[in-house]
Amino acid sequence: INGIDIREVDTYQLKSMIKVFFDDSKLNNIIRRLPNKIEAIFEPLDSATLGVSYGKERDDIIFIKIDPRGWSEASLPKKWYLIYHELGHDVLNLSHGEGGKMMFSFSDREYRWKEFFQDKKDMFNYYKENQ
């Protein structure tokens, strides 16, 4: 994505992953400004919840929490899928049920790279068509 092999991005540096999302959205003609305030933290979450977005409808902040145990057990494609899902809420202001499969309400399995790339494309296209 934008000349970056996302398999090489440190997935324990959530802000680096967020930057890739913004670069990717610009490549897809979605121009959003990276806010000055980014709260992307690892914090234990309830039950099987892997991530939560708290910045929906707020363009001044990105605020996501990721469950550290679930994260450590997830595959690399699933980590990227989760980040894009949460930023779909936080940055694109999408709800569950908007934006295709990537914005489904929960992840019940591991994902493959092919699914990640197709589903993020569908999410970006949905966003552009509905703005």
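Please refer to the structure higher up on the page.
The following refers to the structure shown. The shown structure was predicted, so the numbers you read here are calculated from the model rather than taken from an experiment.

With that out of the way, let us pick up the packing of aromatic side chains. Across all of its chains, the model carries 13 aromatic pairs by this definition. Ring geometry for W113 against F116: centres 6.0 Å apart, planes inclined by 85°, an arrangement best described as edge-to-face. With a gap of 3 residues between them, W113 and F116 both fall in helix α4 (residues 113-129), about one helical turn apart. Note on W113: relative accessible area 26%, which makes it partly exposed. An aromatic cluster is defined as three or more aromatic residues linked by ring pairs; in this entry it consists of F21, F22, W80, Y84, W113, F116, F117 and F124.

To continue, consider the packing of helix α1 (residues 14-27) against helix α3 (residues 76-90). Relative orientation of the contacting elements α1 and α3 amounts to 65°, with a least axis distance of 10 Å. Here α1 is positioned roughly perpendicular relative to α3, judged by the angle of their axes. Of the two elements, α1 crosses α3, and the hand of that crossing is right-handed. In contact with L14, M17, I18, V20, F21 and D24 of α1, α3 contributes K79, W80, I83, Y84 and L87. Class assignment for the residues of the contact of α1 with α3 results in 9 nonpolar, no polar and 2 charged.

Moving on, we get to the nonpolar core. Residues I18, F21, W80, I83, Y84, L92 and M123 are the most contacted members of the largest nonpolar core, which totals 33 residues. If you list the elements that add at least two residues to this core, you get α1, β1 (37-42), β3 (61-66), α3 and α4. For F21, the residues in contact, after removing those within four places along its chain, are Y84, L87, V91, L92, M123 and F124.

For N2, which is not glycine, the phi dihedral falls at a positive 55°. The residue N2 is located in the segment before α1 in this model. We note that N93 has phi near 60°; this positive angle belongs to a residue other than glycine. Within the secondary structure, N93 sits in the loop between α3 and α4. Residue classification places N93 among the buried residues on the basis of a relative accessible area of 17%.

So, about the sheet that holds β3. Sheet architecture is open: 3 strands sit in the order β1-β3-β2, paired in mixed fashion. Of all the strands in the sheet, the pair left with one neighbour each is β1 and β2 (51-53). Shown here is a sheet whose adjacent strand axes are inclined to one another by a mean of 10°, direction ignored. Strand direction decides the pairing type here: β1 and β3, joined by 6 bridges, are parallel. Directly across from F42, in β3, lies its bridge partner I66. Here α1 sits on the sheet and contacts β1 and β3; the angle it forms with β1, its principal contact strand, is near 125°. Set on the sheet, α3 makes contact with β2 and β3; between it and β3 the angle comes to about 140°.

Calculation notes
Residues numbered from 1 in each chain as written. Predicted model: local features only at pLDDT ≥ 70, side-chain atom pairs only at ≥ 80, totals over all residues. Heavy atoms only, no water. Phe/Tyr/Trp six-rings, centres within 6.5 Å; stacked < 30°, edge-to-face > 60°. Helix = DSSP H or I, 4+ residues; strand = E, 2+ residues; numbered from the N terminus. Buried < 20%, exposed > 50% of the residue type's maximum accessible area, 1.4 Å probe, protein only. Axes fitted to C-alpha atoms, helices over the stretch in contact; angles between N-to-C directions. Parallel < 35°, antiparallel > 145°, perpendicular 65-115°, else oblique. Left-handed = near helix turned anticlockwise from the far one by under 90°. Contact = heavy atoms within 4.5 Å. Nonpolar A, V, L, I, M, F, W, Y, C, P; charged D, E, K, R; others polar. Core = buried A, V, L, I, M, F, W, Y, C linked by side-chain atoms within 4.5 Å. Pairing = 2+ DSSP bridges.

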